[in-house]
Amino acid sequence: MADKRSDPNSLSDPSKVTTKHLSIEWNVDFKRKILTGSVKLSLDVLQDGVSSVVLDTSENLTVSEVINDSSGEKLTFELKEPIGALGSPLSINLPSSAQAKGSQVCIKVIYETSSSASALGWLEPSQTSGKQHPYLYSQCQAIHARSILPCQDSPSVKATYDAKVTVPRDLVCLMSACGEGDEPCPSDSASKIFSFKQMVPMPSYLIAIVVGALESRKIGPRSKVWSEKELIEKSAYEFAETEEMLSTAEDLMGPYVWGQYDLLILPQSFPYGGMENPCLTFVTPTLLAGDRSLANVVAHEIAHSWTGNLVTNCSWEHFWLNEGFTVFVERKILGRMQGEKARHFAFIGGTKELLNAVMKYGFEHKFTQLIPPLEGGIDPDDAFSSIPYEKGSCFLFYLESLVGVQEFEAFLKSYIEKFKYKTLPTQDWKDYLLEYFQEQAAAGVFDCVEWDKWFFAPGMPPVTPKYDTTLSDMCTELCKRWAEASEGDFGQFSSDDLKSMSSSQVQEFLAQLLHEKPLTAKHIHAMQAVYNLDQNLNSEIRFRWLRLKLRAGDESAIEGALQMAAETGRMKFTRVLYRDLYAIPDARQRAIDTFLENRGTMHPITAKTVARDLHLEG
């Protein structure tokens, strides 16, 4: 396997000049929906004869001036033509005193974003829970930080940062950093300035900001939950297990280095289940099931504090080093808290998610590789799916089965210690694995591992590990009964079928039915009569139930699916539901109309991808 370290999704070259620290000053302009201000980049020159530095920018970001911060000298720059999804390279000529290896220079870029910046979601008061104040939130992963500040927008570059953000005085600002308080704005009595500092080096995609009418509740010795007041008590209850998860993760991977671990519950338009922004994990309100049954997503984001944030993939082609490891650790946390059978059960469900993703792309599609090729200006968002999550974690489970659970846990902690604060390609991880387990490797333990197939073969994994099926067996049995039932058999089912099942098992039961031949509408009506799934508030259950109803030709499901697709910005749900609706001739135009009506309320990433799913854009 080639030891590939370059990043095909960044226009910068950190082998010549690299960023060590960022100082951000922003004014949040809700009226124009832009950020205005500046960023200072403290740069280290790594080679002799470097006359310029190239930064990533995108989305019509407007640069007005570039200054040598130490001398005040204006520096010449050129914002070049955009290169597809990668944006526009900003080439800045370095001062002559900073062109030799070992030189350091701080440059200040004065600029403003555009109202179409892909990292930012601007919400009108009517789109919030409180209906009184506007709201702003960011989502920079994978390559959207370049739309809010000129930077080396690559996971291979890690930097510390500080920030001062001016916002309307009635609102609260939070960032992916430790807050250092707020003060009145001396030049504008209607505003105040929030200050932040992040002392742990991190990649640009983890820069995050939120501004809104936010409140907090303490949920642990180092954790608060933040949201609008309408959701704060419900959120505090839902995520009360956060400290237990955090402590369990520390036991597995070593000390938590980021200080604070807070949670932010965002409005419905947030496109992901969660985002692992340091010090402030962003999570979707679709996790608020009322019974903590979906809190495993928080375990996932907590795990990212080590796998992804502390040890990071060097490029998005190696994304599985972030997400595969994080799913693996998430399920380790689940196993410690709920038992090993629960961990295996989660892997069984993940296998179905993996199969769904592979079927969507096609079994020979390059995006189904564990390490997909992303050269040629490919947008990493186009390759985003559950594949690096599930195929990657499956691979780690398989390797664990070869060396032993305790032995692999010891390797995991050693791996984090070895590569903390660094970025790496897959080859470095493999080399360290074989070095750590050199005795086992010499004994032939890894001879059965088809490394290249795992890394580069499309489709499903070359090996399916053997999982404990104790918790899935009752789901499989109930699925089989419904799949084989005739109308005369409907009387054999009752509400007792689900009483002994956890919410996760109900999800698995419905997920298994989605892999059977479509049920009839009569099956669906009988199932609703005994289980009343229409009233279930768990978003994962609601999502699968709606899909089953659509597949059965139940016309009553169209309205429900349109509603969930429109009100839920989480791409895991909304993209699939829009695709399902588009596939139904009688629902296709309604799906398109609903999307166009609600497009303005969606996050730019979601709107772009759904437009493609509905064949409205390229």
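See above for the structure.
Residues numbered from 1 in each chain as written. Predicted model: local features only at pLDDT ≥ 70, side-chain atom pairs only at ≥ 80, totals over all residues. Heavy atoms only, no water.

**Q** Explanation requested: the overall build of the protein in the structure shown.
**A** When its secondary structure is counted, the protein shows 19 helices and 21 strands. Taking 618 residues into account, the globule formula puts the C-alpha radius of gyration at 25 Å, and the protein, at 25 Å, falls close to it. Here the protein holds 618 residues, and the buried ones make up 60% of them. When contacts within the protein are restricted to residue pairs at least 6 apart in sequence, those whose partners lie at least 24 apart make up 71%. As displayed, the protein offers around 24000 Å² of accessible surface, 49% of which is attributable to carbon and sulfur atoms. For the protein, the distance from the average position of its 61 positive side-chain charges to the average position of its 81 negative side-chain charges is 1 Å. (Helix = DSSP H or I, 4+ residues; strand = E, 2+ residues; numbered from the N terminus. Rg over C-alpha atoms; globule rule 2.2 N^0.38 Å. Buried < 20%, exposed > 50% of the residue type's maximum accessible area, 1.4 Å probe, protein only. Contact = heavy atoms within 4.5 Å. Areas by Shrake-Rupley, 256 points an atom, 1.4 Å probe, with all protein chains shown as cover. Lys, Arg positive; Asp, Glu negative; His and termini not counted. Charge placed at Lys NZ, Arg CZ, Asp CG, Glu CD.)

**Q** For this particular structure, what's the right way to read the nonpolar core?
**A** Most often, soluble globular proteins have nonpolar side chains that are buried together. Core analysis: the biggest nonpolar cluster contains 152 residues, and Trp26, Leu149, Phe239, Phe395, Tyr415 and Trp429 have the highest contact counts within it. Here the element with the most residues in this core is helix 6 (residues 387–403); it accounts for nine residues. For Trp429, the contacting residues outside a window of four places in its chain are Trp320, Leu321, Phe325, Phe395, Leu396, Leu399, Phe411, Tyr415, Leu424, Trp451 and Phe455. (Core = buried A, V, L, I, M, F, W, Y, C linked by side-chain atoms within 4.5 Å.)

**Q** Explain the sheet that holds strand 6 (residues 88–93) here, please?
**A** The strands making up a sheet are joined through hydrogen bonds of the backbone, oriented either antiparallel or parallel. The strand order 3-6-5 describes an open sheet built from three strands, whose pairing is antiparallel. Every interior strand has two partners, whereas the edge strands, strand 3 (52–57) and strand 5 (77–79), have only one. Averaged over all pairs of adjacent strands, the angle between strand axes in this sheet comes to 15°, irrespective of strand direction. (Pairing = 2+ DSSP bridges. Axes fitted to C-alpha atoms, helices over the stretch in contact; angles between N-to-C directions.)

**Q** Mind showing me how you'd approach the state of the cysteines here?
**A** Taken as a whole and judged by the stated rule, the model has zero disulfides. Cysteine Cys106 is unpaired, with the sulfur of Cys151 as its nearest cysteine sulfur at 15 Å. There is no disulfide at Cys178, and the cysteine sulfur nearest it, in Cys279, is 4.1 Å away. Note on Cys178: relative accessible area 31%, which makes it partly exposed. (Disulfide = S-S within 2.5 Å.)

**Q** I would appreciate a short explanation of the sheet that holds strand 10 (residues 159–168) in the present structure.
**A** In space, the seven strands of this open sheet follow the order 4-7-2-1-10-13-12, with mixed pairing throughout. Two strands close off the open sheet at either side, each with one partner strand: strand 4 (62–68) and strand 12 (178–184). Pairs of neighbouring strands in the sheet enclose a mean axial angle of 15°, with direction left out of account. Both strand 10 and strand 13 (residues 191–202) contribute to a ladder of nine bridges, which runs antiparallel. For Ala163, the partnering residue across the bridge sits in strand 13 and is Phe196.

**Q** Any chance you could explain the pattern of salt bridges here in plain terms?
**A** If charged atoms from side chains of opposite charge come close, those side chains can pair. All chains considered together, the criterion is met by 37 salt bridges. The structure contains a network of salt bridges with shared partners spanning Asp251, Lys332, Arg336, Glu340, Arg343, Glu400 and Glu409. (Salt bridge = Lys/Arg side-chain N within 4 Å of Asp/Glu carboxyl O.)

**Q** Explain the pairing of strand 7 (residues 104–112) here, please?
**A** In the case of a regular strand, side chains alternate between the two sheet surfaces. Alignment of strand 2 (residues 34–45) against strand 7, held across nine bridges, turns out to be antiparallel. Looking at the pairing, Thr36 lines up with Glu112 of strand 7. Pairing analysis gives six bridges linking strand 4 to strand 7, with the strands arranged antiparallel. Bridged to Asn68 within strand 7 is Ile107.

**Q** Teacher, can you tell me more about the packing of aromatic side chains here?
**A** For the structure shown, the criterion picks out 50 aromatic pairs. Ring geometry for Phe325 against Tyr415: centres 4.9 Å apart, planes inclined by 20°, an arrangement best described as stacked. Here Phe325 is found in helix 4 (residues 320–338), whereas its partner Tyr415 is found in helix 7 (residues 405–419), with 90 residues between them in sequence. Of the residues examined, Phe325 reaches a relative accessible area of 0% and is grouped as buried. For Tyr415, a relative accessible area of 1% corresponds to the buried category. Sitting over the ring of Tyr361, Lys360 keeps its end group 4.0 Å from the ring centre. Looking at Arg588, its charged tip hangs above the ring of Tyr582, at a distance of 4.4 Å from the centre. (Phe/Tyr/Trp six-rings, centres within 6.5 Å; stacked < 30°, edge-to-face > 60°. Lys NZ or Arg CZ within 6 Å of the ring centre and 35° of its normal.)

**Q** I'm lost on the packing of helix 2 (residues 242–253) against helix 4 in this one. Help?
**A** To characterise two packed helices, one gives the angle between the axes of the helices and the distance between these axes. It is at 10 Å that the axes of helix 2 and helix 4 come closest, and there the two elements cross at 110°. The orientation of helix 2 with respect to helix 4, classified from their angle, is roughly perpendicular. Judged by the twist between their axes, the crossing of helix 2 over helix 4 is right-handed. Together, Glu244, Met245, Thr248, Ala249, Asp251, Leu252 and Met253 of helix 2 and Val329, Lys332, Ile333, Arg336 and Met337 of helix 4 make up the contact between the two elements. (Parallel < 35°, antiparallel > 145°, perpendicular 65-115°, else oblique. Left-handed = near helix turned anticlockwise from the far one by under 90°.)

**Q** Whenever I open this one, the environment of Lys341 confuses me. Can you help?
**A** As for its position among the elements, Lys341 is in helix 5 (residues 340–361). With relative accessibility at 42%, the residue Lys341 sits in the partly exposed group. Taking the C-alpha atoms as reference points, Lys341 and Leu471, 130 residues apart in sequence, are found 6.9 Å from one another.

**Q** Sorry if this is basic, but what is going on with helix 16 (residues 556–567) here?
**A** Within an α-helix, residues lying three or four positions from one another point in the same direction, as the helix has 3.6 residues per turn. For helix 16, spanning 12 residues, the distance from its first C-alpha to its last is 18 Å, which sits close to the expected 16 Å at 1.5 Å a residue. Listed in full, the buried residues belonging to helix 16 are Ala557, Ile558, Gly560, Ala561, Leu562, Met564 and Ala565. Close packing links the buried residues of helix 16 with helix 15 (539–551), helix 17 (571–582) and helix 18 (585–598). (Expected span 1.5 Å × (residues − 1).)

**Q** I'm lost on the side chain of Glu508 in this one. Help?
**A** Considering the arrangement of structural elements, one finds Glu508 in helix 13 (residues 503–513). Engagement of the side chain of Glu508 in a polar contact is seen with the side chain of Lys352, the distance being 2.6 Å. Beyond its immediate stretch of four places on either side in the chain, Glu508 contacts Phe345, Ile348, Gly349, Lys352 and Cys475. (Polar contact = N/O pair within 3.5 Å; in protein donor to acceptor, adjacent residues only side chain to side chain.)

**Q** Looking at this model, I keep getting lost on the side chain of Glu238. Mind explaining?
**A** Relative to the elements of secondary structure, Glu238 occurs in helix 1 (residues 229–238). There is no salt bridge for the buried Glu238, and the closest opposite charge comes from Lys234, which lies 6.3 Å off by N-O distance. Not counting residues up to four positions away in its chain, the partners in contact with Glu238 are Leu287, Leu288, Ala289, Gly290, Asp291, Arg292, Ser293 and Ala295.

**Q** What's the story with unusual backbone geometry in this structure? I'm lost.
**A** The general pattern is negative phi for most residues beyond glycine and trans for most peptide bonds. Here Gln141 and Ala142 are connected by a cis peptide whose omega angle stands at 5°. Along the chain, Ala142 falls in the loop between strand 9 (135–138) and strand 10. Notably, Glu59 is not glycine yet its phi reads approximately 55°, a positive angle. Position of Glu59 among the secondary structure elements: in the loop between strand 3 and strand 4. On the basis of relative accessible area, Glu59 is assigned to the partly exposed category, the value being 32%. With a phi close to 65°, Arg292 is a non-glycine residue in the positive phi region. Take Arg292: it is sitting in the loop between strand 19 (280–283) and helix 3 (296–304). For Arg292, a relative accessible area of 27% gives the class partly exposed.

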